4 protein chains.
Amino acid sequence: MNGGIRMDDKKRTITLSAINVFQKKGIEKTTVSEIVRGAGIAQGTFYLYFPSQLSVMPAIAEILIEKTLQQFDKQFDRKADFLTQLKQIIDIVFGYTEKYHDLYAILFVGMGSNKQLNQWEAIYEPYYELISDVIKEAQKNGEVQQTLPPKKIAVMLIGFIESAADQSYLFDRADTKAVQVKKEDLIVLLTSGLVLTP
Amino acid sequence: MNGGIRMDDKKRTITLSAINVFQKKGIEKTTVSEIVRGAGIAQGTFYLYFPSQLSVMPAIAEILIEKTLQQFDKQFDRKADFLTQLKQIIDIVFGYTEKYHDLYAILFVGMGSNKQLNQWEAIYEPYYELISDVIKEAQKNGEVQQTLPPKKIAVMLIGFIESAADQSYLFDRADTKAVQVKKEDLIVLLTSGLVLTP
Amino acid sequence: MNGGIRMDDKKRTITLSAINVFQKKGIEKTTVSEIVRGAGIAQGTFYLYFPSQLSVMPAIAEILIEKTLQQFDKQFDRKADFLTQLKQIIDIVFGYTEKYHDLYAILFVGMGSNKQLNQWEAIYEPYYELISDVIKEAQKNGEVQQTLPPKKIAVMLIGFIESAADQSYLFDRADTKAVQVKKEDLIVLLTSGLVLTP
Amino acid sequence: MNGGIRMDDKKRTITLSAINVFQKKGIEKTTVSEIVRGAGIAQGTFYLYFPSQLSVMPAIAEILIEKTLQQFDKQFDRKADFLTQLKQIIDIVFGYTEKYHDLYAILFVGMGSNKQLNQWEAIYEPYYELISDVIKEAQKNGEVQQTLPPKKIAVMLIGFIESAADQSYLFDRADTKAVQVKKEDLIVLLTSGLVLTP
DNA sequence: AATGAATGAGTATTCATTCAT
DNA sequence: TATGAATGAATACTCATTCAT
């Protein structure tokens, strides 16, 4: 991100190693020395790029979003009808949730303690923007309800899907069938709405 | 809960102190010695009630759910129509999210590292059950769509509201007006549904 | 000291070990782990008695003064004439300077950085008081000049002797003969005065 | 010094910066990187002029003595009577003690750990020589006692004055009046001698 | 000579946990 | 049950020093 400027190469290497270690060990057991071992650099070098252990968190978030956006480049069809697109979005969100679920929680706790929450918003922004464009187009085509502005819908939609994915990850885990059912239920709830209009 | 058996009194005192400290200090900086200071007991006593520091987590979750259920006793009208009930639920969820948001993240990370995730499900169960009953009733009255079983709807609904509350907490924080708007948008999205049926 | 209350036993053990290590290794190379090894306690125990490594310094100073006062009990004759007493004082000062010279410098640097210099004064006080009494008595007997109050003379006298002892330590070191000569020169200078009165 | 050869210009710049930093931070917290920042050079350049961090110490000592000798050029009257000269010497010694007190202690500890104490003597030598000449002249004029050789008197005298200045610095600090009194007491003690001759 | 990025050894301090009382 | 002094393993971070440019 950084307005399109790619992260410095060594900083990137360190961050990728950090992602690995945090995922494997959790936030409590992750040590700087394991991060640097994974990155193939010396202990001190870490501190040339990050002032403290926890300050890798924003860099991790950047990379996660970057990867997510790359998923959209690959898996998402900008020309498809909205229902198809919704299914694609759900697949992508469930995908990264399965892979990175713990990491998101860690990120959140790690950034939260530093109260750099504005950063969080800035990092998510391009993601929201992408979905927002999709919604806008669908509204134009009369496929999505128009009571709310596209950005608001986008943000809440991502939240909804992520929450369902979290639940699925938490409760169903390795059960592929159950995950599939959850996705379908989600689509039902999102499309038909909750409350019956008389 | 414990099937209705109330937590031992000293254990409860310790847990309440732990909630305080975790909220004030975050997961990284919370120490057993601060927890016991807050509870007015000796260092060693902690270990008579919990085998390790992280094992307070489930007890914290229990108390949080307990408090949530008490909120429902106070703020929730079992006789009201569903839209009114939905608004009440939203108020309650936004309420505890504002108060305990950080704590939920901590809980999650703290329990996750112990992989006691089944416990998590069990603890949430009575909460889901409560909402499930509400949905069932509303379905009976034709106020809620009937494509999905009440439990599934309940679980996802709670997730949706919590996700919106999280976003509100993250991005809007102290802005009461914005929080109010978020609640309204949420209701719009939940009631009208996302996709337009032609 | 502490108004006569002896230092807590374990604190004393730690301090004595610290004296040893600081003397052997100097301020830079002294490690807490070597101090505790010498004291036969665990690493953490050190911090039950001292908040930080450098905070042993005042305790070291206390013990050094304590030892000095014990020297006076042994080597000093309160009934002797002043010239004899002066020689005894010089012997004692040269004695502890030879033994603890480095340590005093370290102490000074160590306490200085904490700017606990008032403590320094308080710790030295009983020592000054002792010498002050000796001077007072000698003045009464007409053996010492009476232009200045005894306390002032005492303080400066100790300073003078310590400075000569320092120089002797620095320049003469192991040369016993030279040290002896230095002591005699010192007595000459102290007794006859510097400037000739016409 | 160096037999009259002035220190290389960059070496001098580094040393002056080191003096600054050591004074501000103390020996423990002084880092090479702060020294080089102050000197406006790169980290590695330091090691072109000094083999290690502590090896700046002798260079610092040289500069301090150099500054002291310059003070004598300015403030000292070679034609005056000895009492006047003594007062001038006292003023100069109290002057540099006030300014550089901490630094002398640091120097001492820093050089001591390297056991370069002979260097110390060599560096002080021209200073002692200067005072020695003054004493010799005063002895010639019958203003100073002649029992001891001028060099011995010079060395001890400097030590005495420095010790009084140290005490004054330690205990009186910012109290200008008290410092003045200390100087006068010192003169009294130096001129009239300690022991009364019957 | 000068640079400054990279190194990695070195250590103070913290804190969960134990156990004798 | 309750205590709290003692333990000692564990680790983030610093910084003197090196060396390729």
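Being a predicted model, the structure only gives us computed values, none of them experimental.

Engineer: Got a sec to walk through the overall build of chain A? Specific residues and values, please.
Structural biologist: Each helix and strand in chain A was counted, giving eight helices and zero strands. Each helix (α) and strand (β) of chain A, taken in turn from the N terminus, gives the series α-α-α-α-α-α-α-α. Partitioning the intrachain contacts of chain A with sequence separation of at least 6 by distance along the chain shows that 64% fall at a separation of at least 24.

Engineer: Residue-level account of the packing of helix H1 (residues 9–29) of chain B against helix H4 (residues 57–75) of chain B, with values.
Structural biologist: Residues and elements named next belong to chain B. Close contact between H1 and H4 brings their axes to 9 Å; oriented N to C, the two are set at 90°. With respect to their mutual orientation, H1 and H4 come out roughly perpendicular. Within the contact between the two elements, H1 uses Lys11, Thr15, Ala18 and Ile19 and H4 uses Ala59, Ile60 and Ile63. Considered class by class, the residues forming the contact of H1 with H4 number five nonpolar, one polar and one charged.

Engineer: Could you give an account of the protein's contact with DNA strand E, with specific residues and numbers?
Structural biologist: Surveying the vicinity of DNA strand E reveals 31 residues, the closest of which are Gly44(A), Gly44(B), Gly44(C), Ala42(D) and Gly44(D). Counting residues per element, the ones that place at least two in the surface near DNA strand E are helix H3 (43–49) of chain A, helix H2 (32–39) and helix H3 (43–49) of chain B, helix H2 (32–39) and helix H3 (43–49) of chain C together with helix H3 (43–49) of chain D. Looking at side-chain class alone, the surface near DNA strand E contains 10 nonpolar, 18 polar and three charged residues.

Engineer: Break down the interface of chain D and chain C for me, with residues and values.
Structural biologist: Residue-level contacts link 45 residues of chain D with 45 residues of chain C. Those elements that provide at least two residues to the side of chain D that touches chain C are helix H1 (9–29), helix H5 (82–114), helix H6 (117–140), helix H7 (150–172) and helix H8 (176–192) of chain D. Looking at the side of chain D that touches chain C, the element that brings in the most residues is H7(D), giving 13 residues. Class assignment of the residues belonging to the side of chain D that touches chain C gives a composition of 26 nonpolar, 12 polar and seven charged.

Engineer: Give me the relation of the copies chain D and chain C: which residues, what numbers.
Structural biologist: Expressed as a screw operation, the relation of chain D to chain C combines 0.0 Å of axial shift with a rotation of 180°, fitting to an RMSD of 0.1 Å. Such a turn and shift between the copies fits a two-fold axis. When C-alpha positions in chain D are compared against the rotation axis, the closest is assigned to Gly193(D), at 1.7 Å. The residues that chain D uses at the interface reappear at the interface of chain C in 100% of cases, marking a shared surface.

Engineer: Which residues make up the arrangement of the chains, and what values do they have?
Structural biologist: Contact between chain A and chain C is absent, and the least distance between their C-alpha atoms amounts to 22 Å. The smallest C-alpha distance separating chain B from chain D is 27 Å, and no contact links them.

Engineer: Would you mind going over the interface of chain B and chain A in detail, with residue names and values included?
Structural biologist: Contact with chain B, which involves 45 residues of that partner, is made by 45 residues of chain A. Listing elements by their share of the side of chain B that touches chain A, those giving two or more residues are H1, helix H5 (82–114), helix H6 (117–140), helix H7 (150–172) and helix H8 (176–192) of chain B. Considering every element that reaches the side of chain B that touches chain A, the biggest residue donor is H7(B), with 13 residues. Along the lines of polarity and charge, the residues of the side of chain B that touches chain A split into 26 nonpolar, 12 polar and seven charged.

Engineer: Give me the lowdown on the relation of the copies chain B and chain A, citing residues and values where you can.
Structural biologist: Superposition of the two copies of the chain requires a rotation about an axis together with a shift along that axis. Relative to chain A, chain B is turned by 180° and slid 0.0 Å along the rotation axis, the superposed coordinates differing by an RMSD of 0.2 Å. A symmetric contact is evident, with 100% of the interface residues of chain B recurring at the interface of chain A.

Engineer: Run through the domain arrangement of chain A, naming residues and quoting values.
Structural biologist: All names here are of chain A. With domains assigned, chain A is organised as domain 1 (7–51) and domain 2 (54–192). On a C-alpha basis, the centroid separation for the pair domain 1 and domain 2 is 26 Å. Listed as interface residues are 12 residues of domain 1 and, on the opposing side, 11 residues of domain 2. Within the side of domain 1 that touches domain 2, the residues separate by chemical class into eight nonpolar, three polar and one charged.

Engineer: Got a sec to walk through the environment of Ser132(A)? Specific residues and values, please.
Structural biologist: All names here are of chain A. Counting through the fold element by element, Ser132 comes out in helix H6 (residues 117–140). A tally of 20 C-beta atoms within 10 Å means that Ser132 is categorised as buried. Taking the C-alpha atoms as reference, Ser132 lies 13 Å from Gln146; in sequence the two are 14 residues apart. Residue contacts for Ser132: discarding those within four places in its chain leaves Pro150, Lys151 and Ala154.

Engineer: Describe the packing of helix H1 (residues 9–29) of chain C against H2(C), naming the residues involved and giving the relevant values.
Structural biologist: Residue and element names in this part refer to chain C. For the pair H1 and H2, the least separation of the axes is 8 Å and the interaxial angle reads 125°. One way to sum up the angle between H1 and H2 is to call them oblique. In the packing of H1 onto H2, the handedness of the crossing is right-handed. Residues Thr13, Ile14, Ser17, Ala18, Asn20 and Val21 of H1 form the contact with H2, whose participating residues are Glu34, Ile35, Gly38 and Ala39. When its residues are assigned to classes, the contact of H1 with H2 shows five nonpolar, four polar and one charged.

The rules behind the values
Residues numbered from 1 in each chain as written. Chains lettered and ligands numbered in written order. Predicted model: local features only at pLDDT ≥ 70, side-chain atom pairs only at ≥ 80, totals over all residues. Helix = DSSP H or I, 4+ residues; strand = E, 2+ residues; numbered from the N terminus. Contact = placed C-beta atoms within 7 Å. Axes fitted to C-alpha atoms, helices over the stretch in contact; angles between N-to-C directions. Parallel < 35°, antiparallel > 145°, perpendicular 65-115°, else oblique. Nonpolar A, V, L, I, M, F, W, Y, C, P; charged D, E, K, R; others polar. Near = placed C-beta within 6 Å. Least-squares fit on C-alpha atoms with pLDDT ≥ 70 in both. Domains from an automatic or database assignment. Buried ≥ 20, exposed ≤ 12 C-beta atoms within 10 Å, placed from the backbone. Left-handed = near helix turned anticlockwise from the far one by under 90°.

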